[in-house]
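Spelled out, the chains give:
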Amino acid sequence: MDEKKVIFSGIQPSGDLTLGSYMGAIKNWVELSEDYNCYYCIVDMHAITVRQVPADLRRRTLEQLAQYIAAGIDPTKNTIFIQSHVPAHAELAWILNCYTMFGELSRMTQFKDKAAKNSDNINAGLFTYPALMAADILLYQADLVPVGDDQRQHVEITRDIANRFNGIYGDVFKLPEVYNPKVGARIMSLTSPENKMSKSDKDKGGCIYIMQSPDDIMRCFKRAVTDSDTWVHYDPENKKGVSNLMQIYAVATGKSFETIESEFTGRGYGDFKTAVGEAVVELLRPVREKASKLIADKAYLESVYKEGAERAAYAANKTLRKVYKKVGFVGK
Ligand code: TYM
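Let me sum up the structure you'll find in this document. Quantities reported herein were computed from a predicted structural model and do not represent experimental measurements.

Count 3.6 residues to each turn of an α-helix, and residues three or four apart come out pointing the same way. Helix length check: helix α1 (residues 19–32) (14 residues) gives 19 Å between terminal C-alpha atoms against 20 Å at 1.5 Å per residue, within 8%. When you tally the buried positions in α1, you get 12 out of 14 residues, the bulk of the element. When α1 is considered as a whole, its buried residues turn out to be Leu19, Gly20, Ser21, Tyr22, Met23, Gly24, Ala25, Ile26, Lys27, Asn28, Trp29 and Leu32. In this structure Thr18 caps α1, since a side-chain oxygen of it lies 3.1 Å from the backbone nitrogen of Gly20.

In structure tokens form, the structure reads like this:
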């Protein structure tokens, strides 16, 4: 019997993976993957809530799979799979839609942001997105959901939906806890540090991608916005750019903010930005190199996602059967 606690998390293949998703999510997935029974998903069904070019979506889904493995997630010890390969996600999402309130969905920050950015395509899927995310998590009876800060609200609504359902039918779903890293839960854009670093960012200089070349990464860090004094000091209210760079440097090197402050006492921002850029280049180098090799091996990737889907479906269907019975569907 598997006694390990369960983790579920996912990333949308709606854009190339960024340093934000690496530091806020993937790096922690890897660290947790030894001690937990982990399900790491590529949530392609969530991605189509915003219009995608089909060929790009297909390519990015496979690239993302290669990047998960390259980052250090061992597919023989963890379950890595593509959301649309396990129909239980869509099936439970429909049911949970019927236990999710219009009012609570209307309060979701991500919905409001994305609706504002995609005003010509505010579709029902974008609105009910959290019910599908709740299905993802609850199907596996997950104990922990490691995500960046921006996804905290979606894990909270998952708990509300699970609580509501359990209140009616008894203990069907485990209530998941959110897991946010202490440092790196909210990486900001390098060019506009008041905004989150995001794969959909129009300003490409503000965003670092896992697969970006070292030269490009260095160029972006050298242009990163700081402020008009010369003090490397952590103050996220008044020194947003510098604090963001310190956060990135802290995650990349494992150094504390105090150590970083003393390392750069009396040195200019130029030195500091170069050091952060170099640390990020070294952090991402092995991931990029391994992912480039894996992307070429389509047969291997296929074997990973097929096996992952089988394992995931086995666990998911157990929960789904229980739910069908509870709500009163006639068993097959
Ligand atoms: P997504 O695809 O937008 O982001 C993937 C993960 O990366 C984190 N992240 C960040 N963390 C720190 N700083 C940033 N700038 C940054 N940008 C992104 C996100 O918090 C997330 O953890 N709805 C989810 C995907 C999802 C999911 C799930 C997650 C679908 N089902 C079930 C967990 C469990 C999303 O859009 O993440």
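Turning to the packing of aromatic side chains, a few remarks are in order. Each pair of aromatic rings is reported with the distance of its centres and the angle of its planes. For the structure shown, the criterion picks out 17 aromatic pairs. Seen from their ring centres, Phe165 and Phe173 are 5.1 Å apart, and the 50° between their planes marks the pair as tilted. For Phe165, a relative accessible area of 0% translates into the label buried. Accessibility expressed as a relative area gives 4% for Phe173, which makes it buried. A connected cluster of aromatic rings, assembled from ring pairs, spans Phe8, Tyr39, Phe81 and Tyr140.

A large share of strand β2 (residues 37–42) lies buried, amounting to 6 of its 6 residues. Side chains Asn37, Tyr39 and Cys41 of β2 all project onto a buried face; the interleaved residues Cys38, Tyr40 and Ile42 project onto the opposite face, where all are buried too. Note: strand β1 (residues 6–11) against β2, 6 bridges, orientation parallel. When the sheet's bridge partners are listed, Ile11 is paired in β2 with Ile42. Bridge count between β2 and strand β3 (residues 79–82): 4 bridges; the pairing is parallel.

Near the ligand lie 27 residues; those nearest to it are Gln12, Tyr129, Asp136, Asp150 and Ile187. Met197 has a polar backbone atom sitting 2.9 Å from a nitrogen atom of the ligand. A total of 710 Å² of accessible area belongs to the ligand in isolation, and the protein chains cover 97% of it. At the level of secondary structure, the elements contributing two or more residues to the shell around the ligand comprise β1, α1 and α7 (124–139). The residue inventory of the shell around the ligand, partitioned by class, reads 12 nonpolar, 10 polar and 5 charged.

This paragraph deals with the nonpolar core. One finds Ile208 and Phe221 to be the most contacted residues of the largest nonpolar core, which totals 62 residues. Here the element with the most residues in this core is helix α12 (residues 269–296); it accounts for 12 residues. Not counting chain neighbours up to four residues away, the residues in contact with Ile208 comprise Leu17, Thr18, Leu19, Leu190, Met197, Ile217, Cys220, Phe221, Val280 and Leu284. Grouped together as the second largest cluster of nonpolar side chains are 45 residues, Phe81, Tyr99, Ala134 and Ala315 included.

Let us look at the environment of Ala162. Tracing the backbone shows Ala162 in helix α8 (residues 152–169). Judged by relative accessible area, which is 0%, Ala162 ranks as buried. Taking the C-alpha atoms as reference points, Ala162 and Val6, 156 residues apart in sequence, are found 16 Å from one another. Setting aside chain neighbours within four positions, we find Ala162 in contact with Leu138, Phe173 and Leu175.

Calculation criteria
Residues numbered from 1 in each chain as written. Predicted model: local features only at pLDDT ≥ 70, side-chain atom pairs only at ≥ 80, totals over all residues. Heavy atoms only, no water. Helix = DSSP H or I, 4+ residues; strand = E, 2+ residues; numbered from the N terminus. Expected span 1.5 Å × (residues − 1). Buried < 20%, exposed > 50% of the residue type's maximum accessible area, 1.4 Å probe, protein only. Polar contact = N/O pair within 3.5 Å; in protein donor to acceptor, adjacent residues only side chain to side chain. Phe/Tyr/Trp six-rings, centres within 6.5 Å; stacked < 30°, edge-to-face > 60°. Pairing = 2+ DSSP bridges. Near = heavy atom within 4 Å. Areas by Shrake-Rupley, 256 points an atom, 1.4 Å probe, with all protein chains shown as cover. Nonpolar A, V, L, I, M, F, W, Y, C, P; charged D, E, K, R; others polar. Core = buried A, V, L, I, M, F, W, Y, C linked by side-chain atoms within 4.5 Å. Contact = heavy atoms within 4.5 Å.

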